[in-house]
Amino acid sequence: MTRNDKLFSDLPESVHFKDKKRSSIGVFDSGIGGLTVLQSLMTYFPEEDFLYVGDTARLPYGTKSRETVIKYSESLTRVLLRENVKAIVVACSTASSHALEAVTALAHPIPVVGMIEPTARAALAATRNKHIGVMATAGTIRSKIYETTLQALADDVRVSVAPAQILVALAEEGWVDGDVARLSLGQYLSAMFCGPDAPDTLILGCTHFPVFAP
Ligand code: DGL
């Protein structure tokens, strides 16, 4: 069994892949990455029902243009709205970077929650040296959303970034703890973490990446 099979098999019956229940919270991602978010949601809100959509047909989002990510995110939002969800979690950092406004406008008055501000706040609460690293998809890094959000919340914070698109494919493939994963992580992170001035906190700024946390 790969790590990805495990992510799916761990999901309890409260996750409905095709359920018209009005009370579900809709969750979407470009693929299986959002399942890491779903697992946390189920831990914090065990009484809720969830409806998850992973757009594996059009993955990855991290290499696509802002316009395309907005278009795809809107189409997933429409799928969830048709299922009468009561709230939407954009469990994709790339979609949160480019399309949160569009999704919020489309879903109004249903509340929409993205990934960027909550993770930025958590990183600011954790850092001691006020230097935060961000590893994310090419699209999220290109958008500069983490620099903008972190610096809006704390003007004395420094931000170092590493676009790490290949990790999305490795996570989808379930290659999360072998040599390929280790070498790729080293390639992306060694420059950021060399020297005494390195970040003391790293944002895994793509929902596919928590599987590499160990
Ligand atoms: N899981 C997504 C994110 O959080 C996107 C990965 C991708 O499709 O490139 O950014």
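Just so you know, the residues in each chain are numbered from 1, in the order the chain's sequence is written. The predicted origin of the model limits local features to residues at a pLDDT of at least 70 and limits the giving and counting of side-chain atom pairs to 80 or more, whereas totals for whole chains, interfaces and linings rest on all residues. Note that the side-chain values use all heavy atoms of the structure and ignore hydrogens as well as water.

In regular strands, side chains alternate between the two faces of the sheet. Each residue's exposure class comes from its accessible area (1.4 Å probe, protein chains only) as a fraction of the maximum for that residue type: buried when under 20%, exposed when over 50%, partly exposed otherwise. The helix count covers DSSP runs of H or I at least four residues long, the strand count covers runs of E at least two residues long, and both are numbered beginning at the N terminus. Within strand β2 (residues 50-54), 4 of the 5 residues are buried, which leaves the element mostly enclosed by the surrounding structure. Should DSSP find at least two bridges between two strands, the strands are taken to pair. The pairing of strand β1 (residues 25-29) with β2 spans 5 bridges and is classified as parallel. Note that in β2 the partner of Asp29 across the bridge is Gly54. The path from the first strand over the helix to the second decides the hand: if it runs clockwise while the strands point away from the viewer, the crossover is right-handed. Taken together, β1, helix α2 (residues 34-44) and β2 form a β-α-β motif whose crossover is right-handed.

It is worth spelling out the sheet that holds strand β6 (residues 158-163) at this point. Taken in spatial order, the 3 strands of this open sheet run β6-β5-β7, and their pairing is parallel. Looking at strand neighbours, the two that pair on one side only are β6 and β7 (201-204), the edges of this open sheet. Across the sheet, the mean angle from the axis of one strand to that of its neighbour is 20 degrees, orientation sign disregarded. In this sheet, β6 lies alongside strand β5 (residues 131-136) in parallel orientation, the contact comprising 6 bridges. Each axis is a line fitted through C-alpha atoms, taken for helices only over the stretch in contact, and angles between the N-to-C directions span 0 to 180 degrees.

Moving on: the sheet that holds β1. Strand order in the open sheet made by the 4 strands is β2-β1-β3-β4, with parallel pairing throughout. Since the sheet does not close on itself, it has two edges, and those belong to β2 and β4 (112-113), each with one partner. As defined by bridge partners, strand β3 (residues 87-90) adjoins β4 across 2 bridges and the pair is classed as parallel. Residue pairing in the sheet places Ile88 in a bridge with Val112 of β4. The sheet strands contacting α2 are β1, β2 and β3, and the helix crosses β2 at an angle near 170 degrees. The contact criterion used is simple: two residues touch if any of their non-hydrogen atoms lie within 4.5 Å.

Here we come to the site of the ligand. Consider each residue's heavy atoms; a residue with any of them within 4 Å of a molecule or strand counts as near. Around the ligand lies a shell of 15 residues, among which Ser30, Tyr61, Ser93, Thr94 and His208 are the nearest. Polar contact criterion, stated in full: a pair of N or O atoms within 3.5 Å, where within protein one must be able to donate a hydrogen and the other to accept it, and residues adjacent in sequence count only if both atoms are side-chain atoms. A distance of 2.9 Å separates a nitrogen atom of the ligand from a polar atom in the side chain of Asp29. Contact with the protein chains hides 100% of the accessible area of the ligand, taken as 300 Å² for the molecule alone. Taken together, the residues of the shell around the ligand break down into 6 nonpolar, 8 polar and 1 charged. Areas reported as accessible are Shrake-Rupley estimates using a 1.4 Å probe. Residue values count occlusion only from the protein chains shown. As a working rule, the residues Ala, Val, Leu, Ile, Met, Phe, Trp, Tyr, Cys and Pro are called nonpolar, Asp, Glu, Lys and Arg charged, and the rest polar, with Gly in that last group.

With 5 of 5 residues buried, β1 is to be regarded as a mostly interior element. Every second residue of β1 is oriented toward a common face, with Ile25, Val27 and Asp29 on one face and Gly26 and Phe28 on the other, all of them buried. Examined bridge by bridge, β1 and β3 share 4 bridges and lie parallel to one another. Considered in β3, the bridge of Phe28 is made with Val90.

This part is about the environment of Leu81. Positionally, Leu81 belongs in helix α3 (residues 66-82). By relative accessible area, Leu81 is classed as partly exposed at 23%. Expressed as a C-alpha distance, the spacing of Leu81 and Gly26, which sit 55 residues apart in the sequence, is 8.3 Å. Discounting chain neighbours no more than four positions away, the residues touching Leu81 are Ile88, Leu106, Ala107 and Ile110.

Closest axis-to-axis distance for the helix α5 (residues 116-126)/helix α7 (residues 145-153) pair is 10 Å, and the angle between their directions is 55 degrees. For the element pair α5 / α7, the angle class is oblique. Taken as a pair, α5 and α7 cross one another with a handedness that is right-handed. Where α5 approaches α7, its residues Ile116, Glu117, Thr119, Ala120, Arg121 and Leu124 are matched on the opposing element by Ile145, Tyr146, Thr149, Leu150 and Leu153. Partitioned by chemical class, the residues of the contact of α5 with α7 number 7 nonpolar, 2 polar and 2 charged. In what follows, roughly perpendicular refers to angles from 65 to 115 degrees, roughly parallel to angles under 35, roughly antiparallel to angles over 145, and oblique to any angle outside these ranges. Working rule for handedness: look at the near helix, and if it is turned counterclockwise from the far one by less than a right angle, call the crossing left-handed; if clockwise, right-handed.

Aromatic contacts are taken between Phe, Tyr and Trp rings whose centres are within 6.5 Å, Trp giving its six-membered ring; a plane angle under 30 degrees counts as stacked, one over 60 as edge-to-face, and the others as tilted. If you walk through the whole model with that rule in mind, you get 2 aromatic pairs. Arranged with centres 5.5 Å apart and planes meeting at 50 degrees, the rings of Tyr61 and Tyr72 form a pair that is tilted. A residue pair is termed long-range when its members are at least 10 positions apart, and Tyr61 in the loop between β2 and α3 and Tyr72 in helix α3 qualify at 11 residues. Across the pair, Tyr72 and Tyr61 agree in class, each one buried. On the numbers, 6.3 Å between centres and 70 degrees between planes, the contact of Phe209 with Phe212 is edge-to-face. Across the pair, exposure class does not vary: Phe209 and Phe212 are buried alike. The ring of Tyr72 is capped by Arg58, whose NZ or CZ atom sits 4.0 Å from the centre of that ring. Lysine NZ or arginine CZ positioned within 6 Å of the ring centre and within 35 degrees of the ring normal marks a charge as sitting over the ring.

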